[in-house]
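The lines below spell out each chain.
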Amino acid sequence: MKINVGVLGATGSVGQRFVQLLADHPMFELTVLAASERSAGKKYKDACYWFQDRDIPENIKDMVVVPTDPKHEAFENVDIVFSALPSDLAKKFEPEFAKEGKLVFSNASAYRMEEDVPLVIPEVNADHLNLIEIQREKRGWDGAIITNPNCSTICAVITLKPIMDKFGLDSVIITTLQAVSGAGYNGVPSMAILDNLIPFIKNEEEKMQTESLKLLGALKDGKVEFAKFKLSASCNRVAVIDGHTECIFVKTENGAEPEEIKEVMDKFDPLKDLNLPTYAKPIVIKEEIDRPQPRLDRNIGNGMSIVVGRIRKDPIFDVKYVALEHNTIRGAAGASVLNAEYFVKKYL
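In this report, the structure presented in the accompanying data block is examined.

Scoring rules and cut-offs
For every chain, the first residue of its written sequence is number 1, and the numbers climb from 1 along that sequence. In keeping with the model being predicted, local features are shown solely for residues with a pLDDT of at least 70 and side-chain atom pairs are shown and tallied solely at 80 or more, while totals for entire chains, interfaces and linings include all residues. The side-chain values count all of the structure's non-hydrogen atoms but skip hydrogen atoms and water molecules. Every angle, taken between N-to-C directions, lies between 0 and 180 degrees, and every axis is a line fitted to C-alpha atoms, over only the stretch in contact when it is a helix. The helix and strand labels rest on DSSP assignments: H or I over at least four residues marks a helix, E over at least two residues marks a strand, and numbering proceeds from the N terminus. Roughly parallel refers to an angle under 35 degrees, roughly antiparallel to one over 145, roughly perpendicular to one between 65 and 115, and oblique to any angle outside these ranges. Contacts were defined at the residue level, with two residues in contact if any of their heavy atoms lie within 4.5 Å. For two strands to be treated as a pair, DSSP must find at least two bridges joining them. Burial status follows relative accessibility: with a 1.4 Å probe on protein chains alone, a residue under 20% of its type maximum counts as buried, one over 50% as exposed, and anything between as partly exposed. The term salt bridge refers to a side-chain nitrogen of Lys or Arg lying within 4 Å of a carboxyl oxygen of Asp or Glu.

## Some details on the packing of helix α6 (residues 151–167) against helix α11 (residues 329–347)
Where α6 meets α11, the axes come as close as 8 Å, and the angle between the chain directions of the two elements is 95 degrees. In this view, α6 runs roughly perpendicular relative to α11, as classed from their interaxial angle. Along its contact with α6, which presents Cys151, Ile154 and Ile158, the element α11 presents Arg330, Gly331 and Ala335.

Written out as structure tokens, the structure is:
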């Protein structure tokens, strides 16, 4: 029997991706779409401006949007909610849903760095889900908040995990070239980004530099001990619709050659035997000299694979490479859905 789920912030960019991923999901039944008061009461097709490259799923378009209220009757039989809320609204509403016994799988940044809230990429640190019991005991609720990281963080950390496990990490420098969809449909005016690059994304560098160390840290005695390597990020917005590209420079603790890095990345496939519907091989290596490219490679693995190319020796660090991620799938909605699939498979 499928688990009933809902989406909070269902009309926005990431909310629409949730709808696409959940509309015909083998484990989850999408039964509730929630949004702001101005959208509540309308059919979904009338409440949102749909801008995805496929039509609204037939079984979803006539669903009536409800308010973001955990006590609304529509949520009575819902066990899991996926949150695509802006951070300020997530700060308010996500705990209310957890108090009502719901599992909140959140794409928002509001609770990522809370000590008792799991920040999870299941291929990287699934054991951090054990913080849920500590969270419930500390906060006195039956539900829980489980977060996935920032989109640009996910791209980098998935590629860094196999390197860290094999060679250790000393220092990492990352320069991002991030798609406009990461800011939402109304986030970057066309006149600002066309024929241009914007070398600033608010709070993005700080998120990468803190979230990465939590994700790659170790859970000990009920707390996450952050990883100790040094990480510096420089984040830029570019005129690409979907697909974050990252240029990553890595100095390991033990030294590593490009072919060794390529080998450990290619073999990295920790969840392959779990048959999770959204899961794809985490890292796909491209051998062409000019790949990955957003337009050509962002949908590999149905948008869930990180595509890596140009793995080469660096004269200052050990190696450097280029990584690409579909930011609204692997970097957002898909990350939350995969977290929920893993949790259901391993904990329920």
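Still to come is the rest of the account.
## Digging into the sheet that holds strand β13 (residues 283–285)
Overall, mixed pairing links the 7 strands, which are arranged β8-β11-β7-β12-β15-β14-β13 in an open sheet. In this open sheet, the two strands that pair with only one neighbour each are β8 (197–198) and β13. Two strands pair when backbone bridges link them, and β8 and strand β11 (residues 230–238) are joined in this way by 2 bridges, in the antiparallel orientation. Residue Leu197 lies in a different strand from β11, and its bridge partner there is Val238. α6 rests against β7 (169–178), β12 (244–252), β13, β14 (306–313) and β15 (319–325) of the sheet, and its axis sits at about 25 degrees to β12. Contacts from helix α9 (residues 258–267) reach β13, β14 and β15 within the one sheet, and its direction differs from that of β14 by about 165 degrees.

## Some details on the environment of Glu325
Along the chain, the position of Glu325 falls in strand β15. Glu325 gets classed as buried once you look at its relative accessible area, which sits at 0%. If we skip the residues at most four places from it in the chain, Glu325 touches Cys151, Ser152, Ile154, Cys155, Gly243, His244, Ile306, Arg330 and Gly331.

## Some points on the pattern of salt bridges
Following the criterion strictly, the structure yields 21 salt bridges and no others. Its salt-bridge partner being Lys267, residue Glu263 comes within 2.9 Å of it at the nearest N-O pair. Of the two residues, Glu263 and Lys267 are both situated in helix α9; the distance of 4 residues between them amounts to about one turn of the helix. Taking the relative accessible area as the measure of exposure, Glu263 reaches 42% and is therefore partly exposed. Between Lys281 and Asp266 there is a salt bridge, and its shortest N-O distance comes to 3.4 Å. Linking Lys281 in the loop between α9 and β13 with Asp266 in helix α9, this pair joins segments that are 15 residues apart in sequence. A relative accessible area of 29% places Lys281 in the partly exposed class. The partly exposed category is assigned to Asp266, whose relative accessible area is 41%. Members of the salt-bridge network, linked through shared partners, are Lys91, Glu114, Asp116 and Arg139.

By themselves, these observations are geometric and do not establish any function.
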